[in-house]
Amino acid sequence: MVVQAIPSHSLVRYGVIPEVARCQSESTVPRGTAVVVETHRGLQIGTVLGPAKSQPADGDGGSAFRVLRVASADDLARSAASRDAIDAEFDAWQARIVDWNVDVQLIDLEWTLDRAKVVLYVLNDRGPECTKLAIQAAAAGLGIVDVQPVSREGLVAMPDSGGGCGSGGCGCHN
């Protein structure tokens, strides 16, 4: 008889500007454990906050995010080295924003654990200036850049329109 692991769910906090997500894992992970979590941005280090209810309040039974493993010493060292690199890159990103005449205020940055994507946290509404920054970064060959607006209330969520460019879903109104 083959026994299959029953997935459990944990609440995990991740990101420089913290987000909390309900994440699926193959086993129960204790509160406070550093984990590698697969998020909408890619691989990130997170901290388990505790178990999540089996069904979230909004009725969505699934979870797109997964705890891949408990973070190893190597994962934590890569995360710390990435944080040091970001500190060194902050001024360069500030200069680019000024040179490109983008009307956003950079407040922080972070790399995904695999360094596949950099996240730029900007004090701004979601809209054309954020899109302009992402396009300028891509045109400059700076890799995959995720521009995440932040307000006084926290991260600015994507609008529910679901449409692409031209529908207002990306923040533009063409």
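All figures in this text were calculated on a predicted structure; none of them were measured in a lab.

Per the secondary structure count, the protein includes 2 helices and 9 strands. The helix and strand sequence of the protein, counted from the amino end, reads β-β-β-β-β-α-β-β-α-β-β. For the protein, with 174 residues in total, the buried portion stands at 37%. For the protein, contacts bridging at least 24 residues in sequence account for 59% of all contacts bridging at least 6. Here the protein displays about 9900 Å² of accessible surface, and carbon together with sulfur accounts for 54% of that area.

Further remarks concern the pattern of salt bridges. Counted under the stated rule, the structure contains 9 salt bridges. With a shortest N-O distance of 3.0 Å, D146 and R41 are connected by a salt bridge. Note that D146 is positioned in strand β8 (residues 144–151) and R41 in the loop between β3 (34–38) and β4 (43–51), a separation of 105 residues in sequence. Across this residue pair, the class does not change: D146 and R41 are buried. A network of salt bridges, in which partner residues are shared, links R69, D74, D75 and R78.

Formed by 18 residues in total, the largest nonpolar core has its most connected members in W93, L106, L120 and L133. Breaking this core down by element, the ones donating at least two residues are α1 (73–99), β6 (105–111), β7 (117–123), α2 (128–139) and β8. Sort the elements by how many residues they give to this core and α1 lands first, with 4 residues. Among residues more than four places away in sequence, those in contact with L120 are W93, L106, D108, L109, L133, V145, D146, V147 and Q148. Of all hydrophobic cores here, the second largest spans 10 residues; its members include A21, C23, V29 and V48.

On the secondary structure map, I17 appears in the loop between β1 (8–14) and β2 (19–25). When the C-alpha positions of I17 and Q148 are compared, they lie 9.6 Å apart, and in sequence the two are 131 residues distant. When neighbours within four sequence positions are excluded, I17 is seen to be in contact with I107, Y121, V150 and L155.

The next subject is unusual backbone geometry. Not every positive phi belongs to a glycine, and N101 is a case in point at roughly 55°. Relative to the helices and strands, N101 is located in the loop between α1 and β6. Positive phi, close to 55°, is recorded for R115, a residue that is not glycine. Within the secondary structure, R115 sits in the loop between β6 and β7.

This paragraph deals with the pairing of β2. Consecutive residues of a regular strand have side chains that alternate between opposite faces of the sheet. In terms of residue burial, β2 counts as a mostly covered element, since 5 of its 7 residues are buried. Both β1 and β2 contribute to a ladder of 7 bridges, which runs antiparallel. Paired with S8 across the bridge in β2 is S25. Where β2 lies against strand β5 (residues 65–70), 2 bridges are found, and the strand directions are parallel. Each residue of the ladder has a partner; that of Q24, found in β5, is R66.

Hydrogen bonds along the backbone pair up the strands of a sheet, which may run parallel or antiparallel. Pairing is mixed in the open sheet, where 4 strands are placed in the order β6-β7-β8-β9. Sheet topology places β6 and β9 (154–155) at the edges, where each strand pairs with a single neighbour. The sheet contact formed by β7 and β8 spans 7 bridges and is parallel. By the bridge assignment for β8, K117 is matched with I144. Of the strands in this sheet, β6, β7 and β8 touch α1, which is tilted by about 145° from β6. Across the sheet, α2 lies against β7 and β8, angled at about 160° from β8, the strand it touches most.

Calculation notes
Residues numbered from 1 in each chain as written. Predicted model: local features only at pLDDT ≥ 70, side-chain atom pairs only at ≥ 80, totals over all residues. Heavy atoms only, no water. Helix = DSSP H or I, 4+ residues; strand = E, 2+ residues; numbered from the N terminus. Buried < 20%, exposed > 50% of the residue type's maximum accessible area, 1.4 Å probe, protein only. Contact = heavy atoms within 4.5 Å. Areas by Shrake-Rupley, 256 points an atom, 1.4 Å probe, with all protein chains shown as cover. Salt bridge = Lys/Arg side-chain N within 4 Å of Asp/Glu carboxyl O. Core = buried A, V, L, I, M, F, W, Y, C linked by side-chain atoms within 4.5 Å. Pairing = 2+ DSSP bridges. Axes fitted to C-alpha atoms, helices over the stretch in contact; angles between N-to-C directions.

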